[in-house]
Amino acid sequence: MIYLDYAANTPVDKEVLDLYYETTLKNYGNPNSNHKLGKMANDLIKKSTENIAKNLNVLPEEIIYTSGATESNNLVIQGICERYKNYGKHIILSSLEHNSITAPATIMHESGFEIDLIPINKEGIVDLEKLKNMIRDDTILVSVCAVDSEIGLKEPIEEIGKFLKDYPNTYFHTDATQAIGKVNIDYSNVDLITIAPHKFYGIGGIGILVKKKKVSLKPIIYGGKSTTIFRSGTPVLANIVSTDKALDKALNNLKSRYEYVLKLYNKIIEHLSQYNFIHINNTKNSIPFTINFSIKGIKALDIAKYLEKKDIYVSTKTSCCPLETPSKLVYALTKDKSLATSSVRVSLSHLTTDEEISLFLNVIDEMIKELKQNGKI
Ligand code: PLP
């Protein structure tokens, strides 16, 4: 089996899972209970939250635990819109956002908000000049992903953050789901950051939303006490301590993982580039963890199915989109519907071996031979 879908989900790290298991077995006191066991659990949450905050260069009280990136993104879009609707009803998104941003934004649009999309240039970068012209007095939120989910385009978060500092009524959110543990970004001028541990070898079922102190939010989940007033529900201790461990490991190993994956990326790109009918959708701004290519006239799903028969697992686009529709992101970049219909995402990890890549490329060669024999290319 060759797994090349790490942008969709990563296998949990053994140390992280062991810690999760031990913590769950040993600490079953509710962190909100007023007895010794509850206080012990609460202390462990505080300790992990402090370390997570230190690693992210934010304050512990700026960390909100959620169920995943989808909830964090919903909390940003709905929470900011509902909280600040008396100040303005205009929000700006990049055209590379994940469905968990665009779907709640559509709901907000239905309730009277205006949404504008910042176009991207040929290199897949949001056009800062256009953003400057789009900002209005009533713009309450700008949301631009740090790295997109399909092409791995790294956006100029630092630059956008610096520019938006002059607009104190406009909050800046970045969905960093595909960035954390892969690339170093300075988030100091970002007001809200979405993070999902299952993308960096943590466990599933937990997300983080960093919300800087100056920002307020209307919660989307109400109920009992939690670690913050912005998201109710008993905090899950094991989720939090294992996230702390996963983040520590991801950040400590970031450089070596990046350099290793870059070699695999170059090997794949070099190999695919020998075929003039394969279009590499990545640009020089893509991070090496994600390779996106199209073979015009061949449906992405057919390529993915061919690979699956050989026990190789890739995605046709972000796993949360309907299978048969063209990729919105590849279309936003290329403005070419046939490229968007045939785009395949291969995503890599430090766990991917060179041998796996050689086998994958052999299968690609075989597939191309068959497509040629059948007159499809
Ligand atoms: N945002 C981005 C950029 C993603 O890539 C994903 C998942 O692929 C999500 C949000 C949703 O993440 P989750 O499954 O944790 O809700």
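The structure displayed is predicted, hence computed values, not measured ones.

### Some details on the overall build of the chain
- Scanning the chain for helices and strands turns up 12 helices and 12 strands.
- For 377 residues, the compact-globule estimate of 2.2 N^0.38 gives 21 Å, and the chain sits close to it at 21 Å.
- Counting only C-alpha atoms, the chain reaches 70 × 50 × 30 Å along its principal axes.
- Sorting the 377 residues of the chain into buried and exposed places 55% on the buried side.
- When contacts within the chain are restricted to residue pairs at least 6 apart in sequence, those whose partners lie at least 24 apart make up 72%.

### Considerations on the site of the ligand
- Thr70, Asp175, Gln178, His198 and Lys199 are the nearest of the 14 residues found near the ligand.
- The side chain of Gln178 places a nitrogen or oxygen atom 2.8 Å from an oxygen atom of the ligand.
- Between the ligand and the protein, one listed contact pairs an oxygen atom with a side-chain N or O atom of Lys199 at 2.6 Å.
- Calculation on the ligand without its partners gives an accessible area of 400 Å², and the protein chains cover 88% of this total.
- At 3 residues, the largest contribution of residues to the shell around the ligand is made by helix 3 (residues 69–84).
- Split by residue class, the shell around the ligand holds 2 nonpolar, 10 polar and 2 charged.

### A look at helix 2 (residues 36–56)
- Taking 1.5 Å as the rise per residue, helix 2 with 21 residues should run 30 Å; its terminal C-alpha atoms sit 30 Å apart, in good agreement.
- When helix 2 is considered as a whole, its buried residues turn out to be Gly38, Ala41, Ile45, Ser48, Thr49, Ile52, Ala53 and Leu56. The arc that holds every buried residue of helix 2, seen down its axis, measures 140°, which confines them to one face. Pointing more than 90 degrees away from the buried face of helix 2 are the exposed residues Lys36, Lys47 and Lys54.
- On its buried face, helix 2 sits against strand 2 (63–66), strand 7 (192–195), strand 8 (207–211) and helix 7 (237–252).
- Once helix 2 ends, the next one or two residues include Asn57, with phi positive near 60°.

### Some details on unusual backbone geometry
- One non-glycine residue with positive phi stands out, namely Tyr201, at about 70°.
- Along the polypeptide, Tyr201 turns up in the loop between strand 7 and strand 8.
- The phi dihedral of Asp311 is positive, around 70°, even though this residue is not glycine.
- With respect to the helices, strands and loops of the structure, Asp311 is situated in the loop between helix 9 (300–309) and strand 11 (312–313).

### A few points about the confidence of the model for the chain
- Per-residue pLDDT for the chain has a mean of 96; in total, 98% of the residues score no lower than 70.
- By mean pLDDT, the top-scoring element of the chain is strand 7 (99), and the lowest-scoring one is helix 11 (residues 337–341) (94).

### A short note on the sheet that holds strand 9 (residues 278–280)
- Ordered in space as 9-10-12, the 3 strands form an open sheet in which the pairing is antiparallel. The strands lining the two open edges of the sheet, one partner per strand, are strand 9 and strand 12 (343–347). Ignoring strand direction, the axes of neighbouring strands in this sheet form an average angle of 30°.
- Contacts between helix 8 (residues 254–273) and the sheet are confined to strand 9 and strand 10 (290–295), with strand 10 contributing the most and set at about 10° to the helix.

### Notes on the pairing of strand 10
- The buried fraction of strand 10 amounts to 6 of the 6 residues, a majority that puts the element mostly inside the structure.
- Burial along strand 10 is two-sided: Thr290, Asn292 and Ser294 and Ile291, Phe293 and Ile295, pointing in opposite directions, are all buried.
- As defined by bridge partners, strand 10 adjoins strand 12 across 5 bridges and the pair is classed as antiparallel. By the bridge assignment for strand 12, Phe293 is matched with Val344.

### Concerning the nonpolar core
- Ranked by size, the top nonpolar core spans 93 residues in total, and within it Tyr187 and Leu348 carry the most contacts.
- It is helix 12 (residues 354–373) that provides the largest number of residues to this core, a total of 8 residues.
- For this core, the two domains that each supply at least three residues are domain 1 (14–252) and domain 2 (253–367).
- In this structure Tyr187 touches Ala146, Ile157, Thr174, Ala176, Ala179, Ile180, Ile193 and Lys212, once residues within four positions along its chain are discounted.

### Details of the side chain of Thr10
- The residue Thr10 is located in the loop between strand 1 (2–3) and helix 1 (14–26) in this model.
- Here the side chain of Thr10 touches Tyr201 through a polar contact of 2.8 Å, landing on its backbone nitrogen.
- The residues touching Thr10, leaving out its near neighbours within four places in the chain, are His198, Lys199, Phe200, Tyr201 and Gly202.

### Remarks on the domain arrangement of the chain
- What the domain assignment lists for the chain is domain 1 (14–252) and domain 2 (253–367).
- Computed over C-alpha atoms, the centres of domain 1 and domain 2 are 27 Å apart.
- When domain 1 packs against domain 2, close to 2500 Å² is buried across both sides, 55% of that on carbon and sulfur atoms.
- Broken down residue by residue, the surface that domain 1 buries against domain 2 is led by Glu150, Ile151 and Lys182, which jointly contribute 30%.
- Between domain 1 and domain 2 we count 0 salt bridges in total.
- At the boundary of domain 1 and domain 2, one finds 16 residue pairs in polar contact (both at pLDDT 80 or more).
- Sorting the residues of the side of domain 1 that touches domain 2 by element identifies helix 4 (99–110) and helix 7 as the ones contributing at least two each.

Calculation rules
Residues numbered from 1 in each chain as written. Predicted model: local features only at pLDDT ≥ 70, side-chain atom pairs only at ≥ 80, totals over all residues. Heavy atoms only, no water. Helix = DSSP H or I, 4+ residues; strand = E, 2+ residues; numbered from the N terminus. Rg over C-alpha atoms; globule rule 2.2 N^0.38 Å. Buried < 20%, exposed > 50% of the residue type's maximum accessible area, 1.4 Å probe, protein only. Contact = heavy atoms within 4.5 Å. Near = heavy atom within 4 Å. Polar contact = N/O pair within 3.5 Å; in protein donor to acceptor, adjacent residues only side chain to side chain. Areas by Shrake-Rupley, 256 points an atom, 1.4 Å probe, with all protein chains shown as cover. Nonpolar A, V, L, I, M, F, W, Y, C, P; charged D, E, K, R; others polar. Expected span 1.5 Å × (residues − 1). Arc of directions from axis to C-beta. pLDDT = per-residue confidence, 0-100. Pairing = 2+ DSSP bridges. Axes fitted to C-alpha atoms, helices over the stretch in contact; angles between N-to-C directions. Core = buried A, V, L, I, M, F, W, Y, C linked by side-chain atoms within 4.5 Å. Domains from an automatic or database assignment. Buried area = accessible area lost by both parts, 1.4 Å probe. Salt bridge = Lys/Arg side-chain N within 4 Å of Asp/Glu carboxyl O.

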